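# Observations on the three-dimensional arrangement
The primary structure of each chain is shown beneath.
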Amino acid sequence: MEVLRIREAYSYIGPLADFLIEQEQRIKNLLIDYEIQSKVENLPDGREVKSLLFTKQNVTVRFLPDRIDYTYNLPNPTTPSLDAFTAAKQFFKLFSEIFYDVKAQRIAIVSQGFIKNDNNQAIQDLTSKMGLVRAFGLSNELKFKINNPKSLFEPVNSVLNLDMGEAKNNKTQEVLKVLLVSIDVNTLAENRELRFNPTNFDSDFSELFEESEGKFRDLARF
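No experiment lies behind these values; they were computed from the predicted model shown.

## A short note on the nonpolar core
The nonpolar side chains of a soluble globular protein tend to be buried with one another. Counting residues in each nonpolar core, the largest one holds 54 residues, and the members touching the most others are Y10, F63 and F95. In terms of residue count, helix α2 (residues 81-98) provides more of this core than any other element does, seven residues in total. Other than its neighbours up to four places away in sequence, F95 contacts F19, L30, F63, I68, V102 and P198. One finds L4, F114, A167 and L176 within the second-largest nonpolar core, a separate group that totals five residues.

Rendered as structure tokens:
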């Protein structure tokens, strides 16, 4: 079953409000050739901070009080996902050279794609191979979520989400019925130690990336 890839997001999650307040202008200087949008956020302690969203071509970088997200939109479904990993690594290498003391409690990769579902064929194929057709008969709706916790460099969640949706062909404007695929691999929320620094992007994210890619390969075997 072919999974067509759309985007990948790489996230550092943690208490970043002070960093945003103190370093707003330096962040803007780092991404000076990006388009920028900002929004005032109210913190629980009564302070205000600006969230920042930067956009350039197929990349967005978002700074919020509790996370940094680097999102790479794949130019087409055949673009290797390794391109997104490489682009994120290059960005966070530059980021860490300037903001070397930023630390986060969690990291995550969220990869998104879709499966063509003309005439509900993908739903029928999946439910048949899962044994659900034999048990319940044919289906025309599907919503599925499963978490397979893994022990990598530390315990992580490895979550697969499938849901019904639509995709638009930008060339023909045709709207297609699809199954939306999201794979979210993340470290556990219970561990609140500030242990992740963008300087170590490659070693921190490599295993999460391989786990995400493995789930896509498994899904493609259906």
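## Observations concerning the environment of Y100
Here Y100 is to be found in the loop between α2 and β6 (106-116). Sequence-wise, Y100 and T86 are 14 residues apart; in three dimensions their C-alpha atoms are separated by 20 Å.

## What about the packing of aromatic side chains?
Scanning all chains against the criterion turns up 20 aromatic pairs. Relative to F95, the ring of F92 lies with its centre 6.2 Å away and its plane at 80 degrees, an arrangement referred to as edge-to-face. Here F95 and F92 lie together in helix α2, a separation of three residues that amounts to about one turn. Classification of F92 by relative accessible area gives buried; the value is 0%. Here R5 stacks its cationic end above the ring of F216, 3.6 Å away from the centre of that ring.

## Considerations on the packing of helix α1 (residues 17-30) against α2
The angle between the axes and the distance between the axes are what describe a pair of packed helices. Running from N to C, α1 and α2 point in directions that differ by 120 degrees, and their axes come no closer than 12 Å. Judged by the inter-axis angle, α1 sits oblique to α2. α1 and α2 meet at a crossing whose hand is right-handed. Taking contact as the criterion, the partners of F19, R26 and L30 in α1 are, on α2, F91, L94, F95 and I98. Residue composition of the contact of α1 with α2, grouped by class: six nonpolar, no polar and one charged.

## Some words on the pattern of salt bridges
Two side chains bearing opposite charge may form a pair once their charged atoms approach each other closely. In total, this model carries 15 salt bridges according to the counting rule given. Between D69 and R62 there is a salt bridge, and its shortest N-O distance comes to 2.5 Å. For R62, a relative accessible area of 35% gives the class partly exposed. Linked by salt bridges that have partners in common, R5, E8 and E213 make up one network.

## Observations concerning the environment of F136
Among the secondary structure elements, F136 is positioned in helix α4 (residues 132-136). Distance in space between the C-alpha atoms of F136 and S96 is 53 Å, their sequence separation being 40 residues.

Thresholds applied
- Residues numbered from 1 in each chain as written.
- Predicted model: local features only at pLDDT ≥ 70, side-chain atom pairs only at ≥ 80, totals over all residues.
- Heavy atoms only, no water.
- Core = buried A, V, L, I, M, F, W, Y, C linked by side-chain atoms within 4.5 Å.
- Buried < 20%, exposed > 50% of the residue type's maximum accessible area, 1.4 Å probe, protein only.
- Helix = DSSP H or I, 4+ residues; strand = E, 2+ residues; numbered from the N terminus.
- Contact = heavy atoms within 4.5 Å.
- Phe/Tyr/Trp six-rings, centres within 6.5 Å; stacked < 30°, edge-to-face > 60°.
- Lys NZ or Arg CZ within 6 Å of the ring centre and 35° of its normal.
- Axes fitted to C-alpha atoms, helices over the stretch in contact; angles between N-to-C directions.
- Parallel < 35°, antiparallel > 145°, perpendicular 65-115°, else oblique.
- Left-handed = near helix turned anticlockwise from the far one by under 90°.
- Nonpolar A, V, L, I, M, F, W, Y, C, P; charged D, E, K, R; others polar.
- Salt bridge = Lys/Arg side-chain N within 4 Å of Asp/Glu carboxyl O.

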